[in-house]
Amino acid sequence: MANAIIAYQNRINESTFASYGSWEASLPLTNLKNRTLSKVARSTDDANASTRFRFALTKPRIVGVVAIVNHNLSTNATWRFRVYTDSGYTTLAYDSGTLDVWPVMPAGYFEWEDDGFWNMKTPEEDRELFTATTIHVPSTTVVESYYQVEFFDDSNPDGYVQMGRVFIGKKYQPTINMSLGASVGYESRTLIDEAISGAEYFDRRNSVRVSRFSLGLLDQSDSSLNADLMKIQDTDQEVVFVYDADDTIGISRKSFLGRLRTLSPIEQPYTTTYQTNYEIKELL
């Protein structure tokens with residue numbers, strides 16, 4: 001199990017998109033700078049030459065996590081993330097290789113009759129239950145300005161690829177992992193009204209994921225990083241929470257775009273160690 005990751009300081013809002021791929025004029029790539037996840041960027045079709053984009057940051061930035069949020073990529077889709085050192089996108093600095101968008105589930109996960117039995121991928125109707133988020137943690141820290149994302153989904157049932165937000169930022173990964181008792185769960189947003197008779201009426205709304213955990217046995221350096229992260233992000237800025245980057249099966253369920261719901265103090269229970277708590281709520 002890899003130590004948890006909190007990615008912060010999303011740099012997508014400072015980006016400039018290059019003319020690359022083919023995107024609807026009414027739903028352009030600049031929509032990815034809007035935090036409203038329903039305001040999507042959409043390709044003109046699902047051809048591989050159309051479903052790709054490039055962007056440049058204002059200067060080289062430290063990048064430890066990239067995430068594609070609220071996308072419609074199908075269960076068999078793959079993608080690739082590349083980083084370049086120059087504006088001509090000729091000198092490669094990092095290449096993720098081709099990655100699965102949706103994980104292959106373990107043997108025994110599906111029943112014989114399930115849609116996903118043969119390819120062991122999340123069925124199309126099930127993927128719609130999530131705010132689909134695809135996350136990549138580069139194997140090396142990237143410090144460059146020029147980025148390229150490609151999707152390979154030319155049999156997408158919608159006939160196009162769309163997404164609501166891109167997150168690209170630095171990461172904090174504690175030296176010692178979350179303390180025992182860490183949790184990720186769903187918090188209901190459904191409204192319930194009760195009539196005088198006792199009959200109940202429901203206004204169903206999408207639930208949100210919430211993670212609660214503690215970081216203990218922090219040294220002074222780690223404690224300072226946590227304090228800085230909380231100061232920078234406050235309770236309004238986006239973070240990407242990754243429960244376990246090594247868990248390729250569960251990463252899409254246990255990791256999400258969110259925000260810090262509370263800011264916790266850095267406590268010093270022992271002379272040379274520190275601790276703090278996190279509560280991270282999913283953004284919809």
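Residues numbered from 1 in each chain as written. Predicted model: local features only at pLDDT ≥ 70, side-chain atom pairs only at ≥ 80, totals over all residues. Heavy atoms only, no water.

Draft legend 1. Focus on the pairing of strand β6 (residues 78-84). With respect to burial, β6 is a largely interior element, six of its seven residues being buried. Bridging between β6 and strand β8 (residues 99-100) involves two bridges; their strand directions are antiparallel. Across the sheet, residue Trp79 finds its bridge partner in β8, namely Leu99. As paired strands, β6 and strand β10 (residues 142-152) are joined by seven bridges and run antiparallel to one another. Following the sheet pairing, Arg80 is matched in β10 by Glu150. With three bridges connecting them, β6 and strand β7 (residues 92-95) associate as antiparallel partners. Within β7, the residue paired with Val83 across the bridge is Tyr94. (Buried < 20%, exposed > 50% of the residue type's maximum accessible area, 1.4 Å probe, protein only. Helix = DSSP H or I, 4+ residues; strand = E, 2+ residues; numbered from the N terminus. Pairing = 2+ DSSP bridges.)

Draft legend 2. Representation of the pairing of strand β16 (residues 208-218). Within β16, eight of the 11 residues are buried, which leaves it mostly tucked inside the rest of the structure. Note that strand β13 (residues 183-187) and β16 share five bridges and pair antiparallel. Bridge pairing in β16 links Val184 to Ser211. Where β16 and strand β20 (residues 273-282) come together, seven bridges link them in antiparallel fashion. By the bridge assignment for β20, Ser211 is matched with Ile280.

Draft legend 3. Seen up close, helix α2 (residues 220-233). When the terminal C-alpha atoms of α2 are compared, their 20 Å separation across 14 residues agrees well with the 20 Å that a helix rising 1.5 Å per residue should span. Within α2, the full set of buried residues consists of Asp222, Ser223, Asn226, Leu229, Met230 and Gln233. The buried residues of α2 occupy one face: seen down the axis, they fall within an arc of 120°. For α2, the exposed residues lying more than 90 degrees away from the buried face are Gln220 and Lys231. Tucked into the core, α2 has its buried residues touching β1 (5-8), β12 (165-172), β16, β17 (239-242), β18 (256-260) and β20. Taking the backbone nitrogen of Ser221 as reference, a side-chain oxygen 3.2 Å away marks Asp219 as the first, capping residue of α2. (Expected span 1.5 Å × (residues − 1). Arc of directions from axis to C-beta. Contact = heavy atoms within 4.5 Å. Polar contact = N/O pair within 3.5 Å; in protein donor to acceptor, adjacent residues only side chain to side chain.)

Draft legend 4. Spotlight on unusual backbone geometry. The backbone of Asn70 sits at a positive phi, close to 55°, despite the residue not being glycine. With respect to the secondary-structure elements, Asn70 resides in the loop between β5 (65-69) and β6. At Asp234, a position not held by glycine, the phi torsion is positive, near 50°. Relative to the helices and strands, Asp234 resides in the loop between α2 and β17. Overall, Asp234 belongs to the partly exposed group, its relative accessible area being 36%.

Draft legend 5. View of the environment of Ala245. Looking at where Ala245 falls in the secondary structure, it is placed in the loop between β17 and α3 (251-254). Placed 242 residues apart in sequence, Ala245 and Asn3 show a C-alpha to C-alpha distance of 7.8 Å. Once residues lying within four places of it in the same chain are set aside, the contact partners of Ala245 are Ala2, Ile5, Val137 and Ile251.

Draft legend 6. Region of interest: the packing of aromatic side chains. All chains considered together, the criterion is met by 15 aromatic pairs. Relative to Tyr94, the ring of Phe81 lies with its centre 6.3 Å away and its plane at 55°, an arrangement referred to as tilted. Residue Phe81 is found in strand β6, and its partner Tyr94 is found in strand β7; the two are separated by 13 residues along the sequence. Overall, the relative accessible area of 0% leaves Phe81 in the buried class. By relative accessible area, which is 9% here, Tyr94 ends up buried. Where Phe81 meets Tyr147, the ring centres are 6.0 Å apart and the plane angle is 15°; that geometry is what we call stacked. Pair noted here: Phe81 is in strand β6 and Tyr147 is in strand β10, with a separation of 66 residues, a long-range link. An aromatic cluster is present here, built from Phe17, Trp23, Phe53, Phe55, Trp79, Phe81, Tyr94, Tyr147 and Phe151 joined pairwise through their rings. Geometry around Tyr160 places Arg42 over its ring, the cationic atom sitting 4.2 Å from the centre. In this structure, Arg54 packs its charged tip against the face of Tyr20, placed 3.9 Å from the ring centre. (Phe/Tyr/Trp six-rings, centres within 6.5 Å; stacked < 30°, edge-to-face > 60°. Lys NZ or Arg CZ within 6 Å of the ring centre and 35° of its normal.)

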